[in-house]
Amino acid sequence: MTHTVPTEIMKEIEGLVKELNYNAYLYYVLDSPVMADADYDKSYRRLRDLEEHYHYILPDSPTQRVGAPALEKFAKVKHEEPMLSLDNAFSPDELREFDKRNRKLLSPDDVLEYTVEPKYDGLAMELIYIDGVLTSASTRGDGYEGEDVTRNIRTIKAIPLKIENSTVPARVDIRGEVYMQIADFEALNLQRAKDGEPPFANPRNAAAGSIRQLDPSITASRRLLLACYGLGFAKGLSLTSHAELINWLKQARFPVPAAFVMAKDIEEVISAVTNIEIGRQSFPFETDGAVVKVNAFALQQKLGMKTREPRWATAYKFKAHQAATLIRDIQSSVGRTGVITPFAVFEPVRIGGVTVSRSTLHNWDEIQRKDIRIGDTVLVERAGDVIPHVIAVLTEKRTGAEQVVPLPVVCPACGAGVVREEGEVAVRCISLHCPAQVQEKIIHFSSRGGMDIEGLGEKNVELFYSRGLIKHFEDIYRLKKEDLLELPRFAEKSADNLIAAIGKSKQAALSRFLFSIGILHVGEYAAKVLARNFRKLEDLYNISPEEIITIKQMGDKIAGSVSAFFSDPKNIDLLNSMVKLGIIITNPDYETEKTAGPLDGMTFVITGSMPKPRKEIETLIEKHGGHAASAVSKSTSYLLTGDDPGSKLDKAKQLGVKVISYEELLKLIEDKDKQPKLF
Ligand code: IVH
């Protein structure tokens, strides 16, 4: 049944939308709320009820920010004007150089002024407003085409759904940075640690991870902000400079960069960037530089662009944040391949607004080289990421009570012996049953880059492992809801969610699966290469290192470890039992069409006994673009001969067909194949 909407109800709805939007603007953009939370909620509920009852919903109603269902994947959006990156300047002199270059390209009577604003460390976005209404929001992508994240962007309350209070152009593409404040980032990481989820490395990753979510309700739960700093395509907007743009954006209620200033010449620019560099300690957001732009659009146009960057702008990069602190302890952790990595535990210290309490020391060579001891005061640097680095020991602060940390002789997790291989800096635990390694393997398996089992983070893996529920990653697929309900961390809903996430991960691409199972040296890229070359998992069983080496990009080290992995019957049992537990592996990466291989267009015939099974050699030839035939003819390119060749050799000689050995075949593939090897 449809309702006709009484005029006074329409008026009320319009009034509520206006009131709520204005208050959201005061709260999220100007950071100065006037309406009490309870009043806001009351008006919001009234609006929602009226909308539901009368089916009268305005496009910019705050109720329209949330509630869109999750997507399968993002659609692509083309940028009308490419989204560029920025050149860098690392010193005042490099800024002077930038200015000199500009002056050279312009004429003496051009009035060259600059603007200066902080460089926000987040995710670049393009927002398209048609007739004043937000219709599309996309990420930068490769600069020409990004991902459609409109539904997620709508959940950010600092972003107007409709342009208010200003000239409304027919179309305007607004560029800006979505970012997260440091305090919100720290709170989010704290929550994630409680939920057993891995922390984000920095506010930028947190912002990017929150936007690139297929489920908008996750984006809505993160406190994201926006700073608008640029224009893409526009129609019906007559602005002549960057400063005018910033003003127009402000009027239209868009958030603009804090500390935006004009500069008459490059010396003023230098003092402005210095002010921002000093002031950034107290900014609530992360910034690693200031962006300097030529103010007049006409001059921007005259200066034009290089391949990826405009000539009219540059980013002045700040020095990394540093602070001194005390090393309370040096501990170590064991990774999934058994590598033991030392880390320093600090007296917590704030560096560039972020609290830092530990840092990796990489390996014992590094500790010895820098002579880092427990009790030392060290200089710590944080560049962008939260993960800091020890730059130097402040030896003048030594008291003599500092302790040197010896190389470990046993694994800190399981007490087994350790080895340090020739030419390697890493110290490794030798036990195959080391609980730290096993747990790390399972964490890697279920991580986002791996099988992506949401909710099976570090904390839950530790819990399941300690309760004996998971001894290896195949056991993940044996978990039952009843098992989870017996554990302290789980209730009905969380147990359902985890079981559903495990079920969802059962469908996997071969490349992802190969990466997840943690074969030594097989990273995401090597896993992709393997998947391109082997149709199915079983094709890798008992494979020889030689066969892998013939693949482009594969070197001795990977070949050895892949072959060793697939020749171990225990591993094959594990893989088979995972398939039995319902894992379905597809291979969208397999290259059926051979792209120009080194043996392209060549026909081979094999005779005599070969060092490898014939089938294997034929596959090898085909994998590299060649064709294996059974009889020698004029069109045969090479006869591959082993010991005791048959009559085919005579025939080949008769026809003048070249004769080569197996080794020469391998060389042929290798020589023509100049692709760099991974290892
Ligand atoms: S202007 C053509 N202004 O930095 C220049 N960019 O390294 C377009 N960024 O992709 C960018 N704060 O994501 C500009 N105030 C600011 C910025 C800013 C952050 C980002 C932006 C851009 C990247 C370039």
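To keep things clear, this report deals only with the structure shown in the data block. (Residues numbered from 1 in each chain as written. Predicted model: local features only at pLDDT ≥ 70, side-chain atom pairs only at ≥ 80, totals over all residues. Heavy atoms only, no water.)

A separate point is the pairing of strand β10 (residues 287-294). With respect to burial, β10 is a largely interior element, seven of its eight residues being buried. Summarising the sheet, β10 and strand β11 (residues 313-317) pair through five bridges and their orientation is antiparallel. Each residue of the ladder has a partner; that of Ala 290, found in β11, is Tyr 316. (Buried < 20%, exposed > 50% of the residue type's maximum accessible area, 1.4 Å probe, protein only. Helix = DSSP H or I, 4+ residues; strand = E, 2+ residues; numbered from the N terminus. Pairing = 2+ DSSP bridges.)

Closest axis-to-axis distance for the helix α3 (residues 92-105)/helix α9 (residues 266-279) pair is 10 Å, and the angle between their directions is 145 degrees. In this structure, α3 crosses over α9, and the sense of that crossing is right-handed. Taking contact as the criterion, the partners of Pro 92, Leu 95, Arg 96, Phe 98 and Asp 99 in α3 are, on α9, Ile 266, Glu 267, Val 269, Ile 270 and Val 273. (Axes fitted to C-alpha atoms, helices over the stretch in contact; angles between N-to-C directions. Left-handed = near helix turned anticlockwise from the far one by under 90°. Contact = heavy atoms within 4.5 Å.)

With that settled, consider the environment of Thr 219. Here Thr 219 is to be found in helix α7 (residues 216-220). Spatially, the C-alpha atoms of Thr 219 and Ile 153 are 8.1 Å apart, while their sequence positions differ by 66 residues. Apart from the residues within four sequence positions on either side, Thr 219 is in contact with Asn 152, Thr 155, Ser 210, Ile 211, Gln 213 and Leu 224.

A word on the site of the ligand. Among the 14 residues in the neighbourhood of the ligand, the closest are listed as Glu 117, Tyr 120, Arg 140, Glu 177 and Tyr 229. Between the ligand and the protein, one listed contact pairs a nitrogen atom with a backbone N or O atom of Tyr 120 at 2.9 Å. One of the side-chain N or O atoms of Tyr 229 is found 3.2 Å from an oxygen atom in the ligand. Contact with the protein chains covers 88% of the free accessible surface of the ligand, which is 520 Å². Of all the elements in the fold, those that place two or more residues in the shell around the ligand are β3 (114-120) and β10. In the shell around the ligand, the residues fall into eight nonpolar, one polar and five charged. (Near = heavy atom within 4 Å. Polar contact = N/O pair within 3.5 Å; in protein donor to acceptor, adjacent residues only side chain to side chain. Areas by Shrake-Rupley, 256 points an atom, 1.4 Å probe, with all protein chains shown as cover. Nonpolar A, V, L, I, M, F, W, Y, C, P; charged D, E, K, R; others polar.)

The strand order across the open sheet built from four strands is β5-β4-β7-β8, with neighbouring strands paired in antiparallel fashion. Each edge of the open sheet carries a strand with a single partner, namely β5 (133-139) and β8 (225-235). Neighbour-to-neighbour, the strand axes of the sheet open up by a mean angle of 25 degrees, direction not taken into account. Where strand β7 (residues 171-179) lies against β8, eight bridges are found, and the strand directions are antiparallel. Bridging from a neighbouring strand, Arg 175 pairs with Gly 230 of β8. The strands touched by helix α8 (residues 242-251) are β7 and β8; relative to β8, the strand with the most contacts, the crossing angle is about 115 degrees.

Note: strand β13 (residues 339-351) against strand β14 (residues 354-360), six bridges, orientation antiparallel. Bridging from a neighbouring strand, Arg 350 pairs with Thr 355 of β14. Between the end of β13 and the start of β14, which pair antiparallel, lie two residues, with Gly 352 showing a positive phi angle near 55 degrees.

All right, on to the sheet that holds β10 then. With mixed pairing, the five strands of this open sheet are ordered in space as β2-β11-β10-β3-β9. Lying at the two open borders of the sheet, with one neighbouring strand each, are β2 (87-89) and β9 (261-263). Taking each pair of neighbouring strands and ignoring which way they run, the sheet shows an average axis angle of 35 degrees. In this structure, β3 lies alongside β10, joined through six bridges in antiparallel fashion. Paired with Tyr 120 across the two strands is Thr 287, which belongs to β10. Packed onto the sheet, α9 meets β3, β9, β10 and β11 and runs at close to 25 degrees relative to β3.

Once that is clear, we can look at the pattern of salt bridges. One pass over the structure, following the stated rule, counts 35 salt bridges. Two residues, Glu 424 and Arg 428, come together in a salt bridge whose shortest N-O distance is 3.6 Å. Residue classification places Glu 424 among the partly exposed residues on the basis of a relative accessible area of 28%. Using a relative accessible area of 16% as the deciding quantity, one classes Arg 428 as buried. (Salt bridge = Lys/Arg side-chain N within 4 Å of Asp/Glu carboxyl O.)

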